[in-house]
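Results of the structural survey
What follows is the residue order along each chain.
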Amino acid sequence: MRTENPRLSWVASANSHIDFPLQNLPHGVFSPPGETPRGGVAIGDYILDMRVACEAGLFSSTAQCAAEYAAGTTLNAFFALDATERRALREELLALLDESSLHRTRMHALGDTLLRPMKSCQLHMPAKVGDYTDFYVGIHHATNVGKLFRPDNPLLPNYKYVPIGYHGRASTIDVSGAPVIRPKGQTLPPGQSEPVFGPCKRLDYELELGVWIGRGNARGEAISIDNAKNHIAGLCLLNDWSARDIQAWEYQPLGPFLSKSFATTVSPWVVTAEALDPFRCAQPPRPAGDPQPLSYLLDPTDQETGALNIELEVLLRTAAMREQNLPAQRVALSNSLNMYWTLSQLVTHHTVNGCSLQPGDLFGSGTLSGEQPDSYGSLLETTVGGKQPLTLPNGETRTFLEDGDEVILRARCHREGYASIGFGECSGIIQPAR
């Protein structure tokens, strides 16, 4: 494994782990069997129990406060810390888990009270979500969907000036593994003039990144573009499940409502902004003829380092595939570089009108499709609105999701000379409407 620093961990499984090597150390909330939830850090196949680590006095006075917040039943207070305090904790965690750690013997003595096998633990929502905003910054997705409805004018004029978003429903955001119940609602069948009520027939997934907000802002005080990245605590994967037939009937003139509010799934681990720093890169240049962002959204440093190179993947496993013991099938491979706007631009635009953000607020990036069909982040695009079914290796076909289908999102960061890090999985199985 190549790395910018050939540091290995005394936690052996971390040194070859596809998602959680020493260089990652994402935060989450978990509960060991029979115990209450508390904060933890993923390292290889284990979870470092932050409550036990704090009680054992493993942290210096500099990092102790941040460690105690990271040990809580939610991470909201940890997110609220200044970025320098979170970085101080990360540096001490790196030192503690390094193979040359001065506290290695002491930590070994704590045994499986300190390092909990991840497979035996339950993972929870990392934070209490006060507000949820879903953006629409995947330009290829926006173009593909626009073509289905407006072939000659897929992108409306405001798209290249405004980071488009809508206020979503926080109460139905759940952690990976939670069941996804098929929603009911009104739909307008083709050729009819009046709607009918019943279960959604065009259920879809959306491949997105989730953005966890760290320190917030006072009401009426915008977060400037040159400071916005300091208000991002970390990222996760996000599946914004969508009822396309309900959406088609309801979305005009105010946008999505019941078609989106029934379920949103996030991955349980928060990959910190600091762990993602090696994978920052320049924002891809806008196509010739596109307008430059307005001045409040334009910062040279953000344009040079505000994008992230994250490989994004969608896998599908049907009920029949599980019965036949077949693996999940990849149906899309995309990248976060397909974002038309940077994460800092989303934060700044969200607050420019004086809107206050709070620690634990969550943003969705919008579907991050690539340019080619094998990189499309929704079935709406892959099947061209249901006209071209997707054929799976076992012969099954899909235009939209059926009951029993499992959708799995994965993400990893790669860069030559650096250790790769991952996000874990974001998954959900469709259950019948109730």
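All residue numbers here refer to positions counted from 1 along the written sequence of the relevant chain. Only residues with pLDDT of at least 70 are given local features in this predicted model, and only at 80 or more are side-chain atom pairs given and counted; all residues enter the totals for whole chains, interfaces and linings. As a convention, hydrogens and water are excluded, and side-chain values are obtained from all of the structure's heavy atoms.

1. Considering the sheet that holds strand E25 (residues 406–413)
For two strands to be treated as a pair, DSSP must find at least two bridges joining them. The secondary structure listing takes helices from DSSP runs of H or I that are at least 4 residues long and strands from runs of E that are at least 2 residues long, numbered from the N terminus. Taken in spatial order, the five strands make up an open sheet running E9-E26-E25-E20-E21, and their pairing is mixed. Only two strands of the sheet have a single neighbouring strand rather than two, namely strand E9 (180–181) and strand E21 (329–335). Sheet topology note: the E9/strand E26 (residues 421–431) ladder contains two bridges and is parallel. Opposite Ile181, over in E26, you have Gln431 as the bridge partner.

2. Overview of the packing of aromatic side chains
Within 6.5 Å between ring centres, the rings of Phe, Tyr and Trp (the latter by its six-membered ring) count as paired, and their orientation is classed by plane angle as stacked under 30 degrees, edge-to-face over 60, tilted in between. All told, the structure shown has seven aromatic pairs when counted by the stated rule. Centre to centre, the rings of Phe78 and Phe79 are 6.4 Å apart; their planes meet at 45 degrees, and the pair counts as tilted. The pair formed by Phe78 and Phe79 is uniform in burial state, with each residue classed as buried. Each ring, one from Tyr136 and one from Tyr159, has its centre 6.0 Å from the other, and the planes form 80 degrees; the classification is edge-to-face. Here Tyr136, found in the loop between strand E6 (132–135) and helix H6 (139–149), pairs with Tyr159, found in the loop between H6 and strand E7 (165–167); they are 23 residues apart in sequence, far enough to count as distant. Burial classes: relative accessible area under 20% of the type maximum marks a residue as buried, over 50% as exposed, and values in between as partly exposed (1.4 Å probe, protein chains only). Judged by its relative accessible area of 4%, Tyr159 falls in the buried class. Taken together through their ring pairs, the aromatic side chains of Tyr136, Tyr159, Tyr340 and Trp341 make up a single cluster. Here the guanidinium or amino end of Arg38 rests over the ring plane of Phe30, the centre of that ring lying 5.9 Å away. Lying over the aromatic face of Trp341, Arg286 brings its terminal NZ or CZ to 4.5 Å of the ring centre. Note on criteria: charge over ring means Lys NZ or Arg CZ within 6 Å of the ring centre, with the direction from the centre no more than 35 degrees off the ring normal.

3. Overview of the sheet that holds strand E3 (residues 46–49)
Ordered by their spatial adjacency, five strands build an open sheet running E4-E3-E2-E1-E5, and the pairing between neighbours is antiparallel. Lying at the two open borders of the sheet, with one neighbouring strand each, are strand E4 (115–117) and strand E5 (122–124). Strand-to-strand twist across the sheet, computed as the mean angle between neighbouring axes with direction ignored, equals 50 degrees. Relative to strand E2 (residues 38–43), strand E1 (residues 27–31) runs antiparallel, the two sharing four bridges. Across the sheet, residue Val29 finds its bridge partner in E2, namely Gly39. For helices, the fitted axis covers only the stretch in contact; all axes are lines through C-alpha atoms, and the angles between them, taken along N-to-C directions, range from 0 to 180 degrees.

4. Some points on the environment of Tyr166
Structurally, Tyr166 can be placed in strand E7. Taking the C-alpha atoms as reference, Tyr166 lies 37 Å from Gly44; in sequence the two are 122 residues apart. Discounting residues that sit within four places of it in the chain, Tyr166 has contacts with Tyr132, Thr133, Asp134, Asp240, Pro256 and Lys260. By the convention used here, residues are in contact when the closest approach between their heavy atoms is within 4.5 Å.

5. Here's the deal with the UniProt feature "domain: Fumarylacetoacetase N-terminal" (unreviewed entry) in the protein chain
UniProt positions are given in the numbering used here, feature names are shortened, and annotations may be inferred rather than shown by experiment. Within this structure's numbering, the places UniProt gives as "domain: Fumarylacetoacetase N-terminal" (unreviewed entry) are residues 23–126. Segment residues 23–126 splits into 40% helix and 20% strand. End C-alpha atoms: 20 Å apart.

6. Considerations on the packing of helix H2 (residues 61–70) against helix H4 (residues 83–97)
Interaxial distance between H2 and H4 falls to 8 Å at its minimum, and their mutual angle equals 95 degrees. Taken together, the axis directions place H2 and H4 in an arrangement best described as roughly perpendicular. Together, Thr62, Ala63, Ala66, Ala67 and Ala70 of H2 and Glu85, Ala88, Leu89 and Glu92 of H4 make up the contact between the two elements. Residues belonging to the contact of H2 with H4 are distributed by class as follows: six nonpolar, one polar and two charged. Comment on the angle field: the value is read as roughly parallel under 35 degrees, roughly antiparallel over 145, roughly perpendicular from 65 to 115, and oblique elsewhere. Each residue gets one of three labels, nonpolar for Ala, Val, Leu, Ile, Met, Phe, Trp, Tyr, Cys and Pro, charged for Asp, Glu, Lys and Arg, and polar for the others, Gly among them.

7. Details of the pairing of E1
Taken across its five residues, E1 has five buried, putting it largely inside the fold. Residues of E1 alternate between two faces, with His27, Val29 and Ser31 on one and Gly28 and Phe30 on the opposite face, all of them buried. Counting the residues that bridge the hairpin from E1 to E2 gives six residues, and of these Gly34 lies at a positive phi of roughly 75 degrees. Of the strand pairs in this sheet, E1 and E5 are connected by three bridges, and their pairing is antiparallel. In the sheet register, Val29 faces E5, and the bridge partner there is His124.

8. As for the nonpolar core
In terms of nonpolar packing, the biggest core is built from 61 residues, with Leu235, Trp241, Leu276, Ile310, Leu401 and Phe423 touching the most fellow members. In this description, a nonpolar core means a group of buried Ala, Val, Leu, Ile, Met, Phe, Trp, Tyr and Cys residues linked to one another through side-chain atoms lying within 4.5 Å. Counting 47 residues, the second largest nonpolar core, distinct from the first, contains Val11, Leu97, Tyr132 and Leu238.

9. Things to note about H4
A helix is expected to span 1.5 Å multiplied by its residue count minus one. Along its 15 residues, H4 runs 21 Å from first to last C-alpha, staying within 8% of the 21 Å computed at 1.5 Å per residue. When we look at burial in H4, the residues that qualify are Ala83, Arg86, Leu89, Arg90, Glu92, Leu93, Leu94, Leu96 and Leu97.

10. Things to note about the side chain of Ser427
Along the polypeptide, Ser427 turns up in strand E26. On the accessibility criterion, Ser427 (10% relative accessible area) is buried.

11. Brief notes about unusual backbone geometry
With an omega dihedral of 5 degrees, the bond running from Gln252 to Pro253 counts as a cis peptide bond. In this fold, Pro253 is placed in the loop between helix H7 (244–250) and helix H8 (258–261). The phi angle at Leu25 is positive, at roughly 60 degrees, despite the residue not being glycine. Locating Leu25 in the fold gives a position in the segment before E1. In this structure Leu25 comes out as buried when scored by relative accessible area, which is 2%. Not every positive phi belongs to a glycine, and Asn325 is a case in point at roughly 60 degrees. Looking at where Asn325 falls in the secondary structure, it is placed in the loop between helix H11 (319–323) and E21. Of the residues examined, Asn325 reaches a relative accessible area of 64% and is grouped as exposed.

12. Here we look at the pattern of salt bridges
Each salt bridge in this description consists of a side-chain nitrogen of Lys or Arg and a carboxyl oxygen of Asp or Glu lying within 4 Å of one another. On inspection of all chains with the given rule, the structure shows 20 salt bridges. For Arg410, the salt bridge identified is with Glu425, shortest N-O distance 2.8 Å. Of this pair, Arg410 sits in strand E25 while Glu425 sits in strand E26; the two residues are 15 residues apart in sequence, bridging distant segments of the chain. Arg410 sits in the partly exposed class, given a relative accessible area of 23%. Sharing partners across several salt bridges, the network here consists of Asp204, Glu206, Asp240, Arg244 and Lys260.

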